[in-house]
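Each chain, letter by letter, is given below.
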Amino acid sequence: MIVSPDTVRLSTAAAIALGLRSGRLYRDAKVGCINLLMEDEEGCLGNCLYCGQAREVAQGPECRTLIRVQWPSYAVLEVVEAIRIAAERDPSIERVCVSALTTPDAPEHLVEIVKTIRDATALKVSALVTPTVFDATHLRKVAAAGVENITIAVDATTVELFHALRGRGARGPHEWQRYIKGVEDAVSAMGRAKGSVGVHAIIGLGESEQEAVQFMQLCYDMGARVHLFSFYPEENTALERRSQPPLESYRRMQLARHLIDTGKSWAGGMRFESGILVDFGVSEDELRGVVRAGAPFMTTGCSGCNRPYANETPAQAMQGLFRNYPFPPNTQDIRCIEAQLGMASRRQV
Amino acid sequence: MQPGTDEIPESLRYSRDHVWLRREGQTCVLGWTEYMQWSAGDVNYVELVEPGVTLEVEQEFGSIETSKWVGKLRSPVAGRLMERNGRLMSQPELVNTDPYGGGWMVIITAADAGSDALMSAEEYRRHVAECQTPQ
């Protein structure tokens, strides 16, 4: 029977890291987090226009692709045993993340899977949940099950885009206000101090840079951290023909997110012209130092999460067109990033 | 037997980066070995250079991509690329499912008479074993 909590899907990278599937990763990227995706006989009730799991795309339990790759299905106990063994031999594996679909049973089944993982391994565990089916009580139960982080994929960074891509405009069940309240409830369940709540934001869904940064600030003001994704057109979805956001724009969003996350700047201190970020609110020297450190351009997420080649193909990466670096950028990478930001030629952003 | 090593045909020659070569006179057929296709994972995309190009040893004759990896294909012989396997454009999975048959990649007319530095099947078997030894 194809249904969690008995079975679960694994990202391709996770399946490779666990030795359940053969394969290698470009530039020998390590997998820091084993990403699990719950599954259900009815499939996801969501119908998000950019998602391979959307109700009208997946048409039931069949998982075509998600975040560019296939997610093969395995028995949960087989996966947990593989995680236990892999974690002993590979110190780069730090965490397991369990992602829920939008299904009525998801809260109960997610807690069961989290407990199974916690009983078998010492790895940190995260839960990626949807407030459409996880209410405040559910979130407290998830926290009590022992997760270190709860993350909510708001994805679309304005209410209008959310409605059009995930809500009624997309024949989907999700509501902006419910998601924002879900972030607040998650912060309440996990506590504000530890930065244990994350929010996924996808750049390139039609928002302006100013709107994206304002959304980031909203999340930080609520006590959550933002994890950035660069839109990648998923085959067979309504947005499969949409282009990725311009790389220089994504780089600016990574920088803005990093500056807010580290307390070096804030949305109100940044300046925008026609929606484009033109001043980060820090000195040029400080900005250059931040860029050269490379950290803003690495994958953002819970500690250990690096999602190798989730937002770009390996061929794009080989051309220096990484979106999120799954490892610290090297000197050559930094040169690429500086050029993409226009820093190499103009000596300023 | 290690995964991906159960088929190393005795009749072929092998490069250190896991390209096999079948030679008849100066005509050389090249492809990826069973070990390499297993090691790389499911192939999504194969790009091969146009016929007519003259290649030096180690010169790139294409690239290959899986969902998480990409690499260049390098020729173990010098010569003129005469033909490429057009089926791989639409059926890249042939590299995985039939590496020594339908998954062949290019045909090269070698510039020399056959003095190459490629490995025999036995030597390649040892090379694969070394590749699988944890660093």
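This text goes with the structure placed above it.
Counting restarts for each chain, with residues numbered from 1 along the sequence as it is written. Ligands are numbered from 1 and chains lettered from A, in the order in which they are written. In keeping with the model being predicted, local features are shown solely for residues with a pLDDT of at least 70 and side-chain atom pairs are shown and tallied solely at 80 or more, while totals for entire chains, interfaces and linings include all residues.

Asker: Would you take a moment to explain the overall build of chain B for this structure?
Answerer: Every helix listed is a DSSP run of H or I at least four residues long, and every strand listed is a run of E at least two residues long, numbered separately from the N terminus. Of the regular secondary structure elements, chain B holds four helices and nine strands. Moving toward the C terminus, one meets the helices and strands of chain B in the order β-β-β-α-β-β-β-β-β-α-α-β-α. Note that the radius of gyration is over C-alpha atoms, with the globule rule given as 2.2 Å times the number of residues to the power 0.38. Here the C-alpha radius of gyration of chain B, 14 Å, is about what a compact globule of 135 residues would show, namely 14 Å. Taken over the C-alpha atoms alone, chain B extends approximately 40 × 35 × 25 Å along its principal axes. Of all 135 residues assigned to chain B, the portion counted as buried reaches 39%. For every residue pair, C-beta atoms are placed from the backbone, and the pair is scored as a contact if these atoms sit within 7 Å. Here the contacts in chain B between residues at least 6 apart in sequence split such that 63% fall between residues at least 24 apart. Note on burial: count the other C-beta atoms lying within 10 Å of the residue's C-beta; 20 or more is buried, 12 or fewer is exposed, in between is partly exposed, and C-beta positions come from the backbone.

Asker: When you look at the pairing of strand S3 (residues 27–32) of chain B in this model, what are you seeing that I'm missing?
Answerer: Residue and element names in this part refer to chain B. One bridge is not enough; two strands pair if DSSP finds at least two bridges between them. Strand direction decides the pairing type here: strand S2 (residues 19–24) and S3, joined by six bridges, are antiparallel. The residue bridging Arg22 from the neighbouring strand is Val29, located in S3. Taken together, S2 and the strand that follows it, S3, pair antiparallel across an intervening segment of two residues, in which Gly25 is found at a positive phi of about 65 degrees. Where S3 meets strand S9 (residues 106–110), four bridges bridge the pair, whose relative direction is antiparallel. Of the residues in S9, the one forming a bridge with Leu30 is Val106.

Asker: Help me out: how do you make sense of the environment of Pro326 of chain A in this one?
Answerer: Residue and element names in this part refer to chain A. Among the secondary structure elements, Pro326 is positioned in the loop between helix H11 (314–318) and helix H12 (331–340). Between the alpha carbons of Pro326 and Gly32 there is a distance of 8.9 Å; along the sequence they are 294 residues apart. Among residues more than four places away in sequence, those in contact with Pro326 are Ala29, Thr299, Asn306, Arg307 and Pro308.

Asker: Sorry, what's going on with the packing of helix H4 (residues 106–120) of chain A against helix H5 (residues 136–144) of chain A here?
Answerer: Helices that pack against each other are described as a pair by the angle of their axes relative to one another and the distance between those axes. Residue and element names in this part refer to chain A. Direction vectors running N to C along H4 and H5 enclose 10 degrees, while the axes themselves pass 9 Å from each other. Regarding the angle of H4 to H5, the classification is roughly parallel. Of H5, the residues touching H4 (which contributes Pro107, Leu110, Val111 and Val114) are His138, Lys141 and Val142. Only the contacting stretch of a helix is used when fitting its axis, a line to C-alpha atoms as for every element, and angles between N-to-C directions run 0 to 180 degrees. With respect to orientation, any angle under 35 degrees is reported as roughly parallel, any angle over 145 as roughly antiparallel, any angle of 65 to 115 as roughly perpendicular, and every other angle as oblique.

Asker: Sorry, what's going on with the pairing of strand S8 (residues 225–230) of chain A here?
Answerer: Every regular strand shows the same layout, with side chains that alternate between the two sheet faces. All names here are of chain A. By the criterion of burial, S8 is predominantly enclosed, with six of the six residues buried. Both faces of S8 are covered, namely the face carrying Arg225, His227 and Phe229 and the face carrying Val226, Leu228 and Ser230. Bridge analysis of strand S7 (residues 197–203) against S8 gives six bridges, and the strand direction is parallel. Looking at S8, one finds that Val199 is bridged to Val226. Between S7 and its parallel partner S8, the chain crosses via helix H8 (residues 209–222), and the hand of that crossover is right-handed. For crossovers, right-handed means that the path from the first strand over the helix to the second runs clockwise, given strands pointing away from the viewer.

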